[in-house]
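# Geometric and topological summary
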Amino acid sequence: MPLVTSKGLLEKALQEGYAIGAFNANNMEMVQAIVETAEEERSPVIVQISQGAINYGGADYFAALVKLAAEKATVPVVLHLDHGMDLAVNVRCLREGFSSLMFDGSKLPFAENIAITRQVVEIAHKVGVPVEGEIGKVPTTKGEAIPYEELRQFFTNPEEAVEFFQKTGVDSLAVSVGSAHKMKVREAILDIERIAAIREAVQIPLVLHGASGVKDDQIPLAIKAGIAKINVATELGKAFTAELQKAFAADPGQVDLRKYTAPARAAVKEAVREKIRLFGSQGKAPDYYKDEGAWSEPEIAREAPE
Ligand code: G3H
Ligand code: ZN
């Protein structure tokens, strides 16, 4: 099926009490792992490409990869720009056919964040593409947990969130409520009451960044309070690289790189599956996608003959 936007998917998830996983992809294998697992779980899915990934592989390459994966799938697939740091990258991705954008102005003064977010929204809405904004700031760690007291200084203020929403017209809002980016341990505890207060104030789907480091038992509570999109990157990177290292250690002289990347891709699939089930989105892909059916080709073995 063609790409879909994140708008309807997130609003439905919010109403029905589950969240859509937004999984970061950095290469072809990750795009395949994410979309194939969503298909197997009959789950809608967001494949997100960060500005760093765009610098690495190109917006055009990633757009082509994700569009192809979506075409072959019978579940809804969104192509989302994650943490677009300026107007230019948002416009570039719009031109490449991304079906969902994010402007991250969380490092900017409040007024400047509003001004640029609003510009992105005005442009994207002209062609029906929704935009995620960020207010408060989700900090980035070097892998470890940040003490809660330190995290609090970054938290989203519900009143600021209202002003931000009213002045920008964003479709979804990334909030800082206790998580941090790049954590390698699942230890973060969330301020669930704050999520509920922001949700009450702005009435749009809220986005949880830095979900790799959040304790599993926090996730259903966060969803109940108003989180409808959950971003996962570090866990997938951990799964991919751990498997690469294992395969390399077992056979360090190997020159067929697929012997390393195939098990890494399989490990990412299992990490995505665990998250989709935790977020409750399995089985939520509408059946009409299945009935219409994607064009299917005969199974072709992925591994080249020895
Ligand atoms: O935008 C991407 C996510 O917020 C990534 O969070 O580092 O915890 O996987 P993570
Ligand atoms: Zn993030």
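The structure contained in this document is the topic of the report that follows. Note on numbering: residues in each chain are counted from 1, in written sequence order. Chain labels run from A onward and ligand labels from 1 onward, assigned in the order the entries are written. It should be noted that, the model being predicted, local features are given only for residues of pLDDT at least 70 and side-chain atom pairs only at 80 or more, the latter also being counted only at that level, while totals for whole chains, interfaces and linings use all residues. Hydrogens and waters are ignored; side-chain quantities use all the structure's heavy atoms.

## Section: the overall build of the protein chain
Only runs of H or I of at least four residues qualify as helices and only runs of E of at least two qualify as strands under DSSP, and these elements are numbered from the N terminus. Looking only at helices and strands, one finds 13 helices and 8 strands in the protein chain. Against the globule reference of 19 Å for 306 residues, the protein chain gives a C-alpha radius of gyration of 19 Å, in line with a compact fold. By principal-axis analysis of the C-alpha atoms, the protein chain measures approximately 60 × 45 × 35 Å. The contacts of the protein chain with a sequence gap of at least 6 include a subset with a gap of at least 24, amounting to 74%. Here the open area of atoms and residues is found with the Shrake-Rupley method and a 1.4 Å probe, where only the protein chains shown may cover a residue. Of the roughly 13,900 Å² that the protein chain leaves accessible, carbon and sulfur atoms contribute 55%. All radius of gyration figures rest on C-alpha atoms, and the globule criterion is 2.2 Å times the number of residues raised to 0.38. Pairs of residues are marked as contacts when any of their non-hydrogen atoms sit within 4.5 Å.

## With respect to the site of ligand 1
If a single non-hydrogen atom of a residue is within 4 Å of a molecule or strand, that residue counts as near it. Within the structure, ligand 1 sits among 14 residues, and Asp 82, Lys 182, Ser 212, Ala 233 and Thr 234 are positioned closest to it. The term polar contact refers here to a pair of N or O atoms within 3.5 Å; inside protein, the definition further demands a hydrogen-donor-capable atom paired with an acceptor-capable atom, and it admits residues adjacent in sequence only when both atoms are side-chain atoms. Contact distances for ligand 1 include 2.6 Å between an oxygen atom and a side-chain N or O atom of Ser 212. With the chains in place, 97% of the 310 Å² that ligand 1 exposes on its own is no longer accessible. Gly falls in the polar group here, along with every residue not listed as nonpolar (Ala, Val, Leu, Ile, Met, Phe, Trp, Tyr, Cys, Pro) or charged (Asp, Glu, Lys, Arg). Grouping the amino acids of the shell around ligand 1 by side-chain chemistry returns 3 nonpolar, 9 polar and 2 charged.

## A closer look at the environment of Thr 156
Inspection of the secondary structure puts Thr 156 in the loop between α7 (148-151) and α8 (158-168). Taking C-alpha positions, Thr 156 is 26 Å from Thr 5, a pair spaced 151 residues apart along the chain. Setting aside residues up to four positions removed in sequence, Thr 156 forms contacts with Ile 135, Gly 136, Ala 161, Val 175, Ser 176, Arg 194 and Ile 198. A polar contact is formed between the side chain of Thr 156 and the backbone oxygen of Ile 135, at a distance of 2.6 Å. One polar contact links the side chain of Thr 156 to the main-chain amide nitrogen of Ser 176, over a distance of 2.7 Å.

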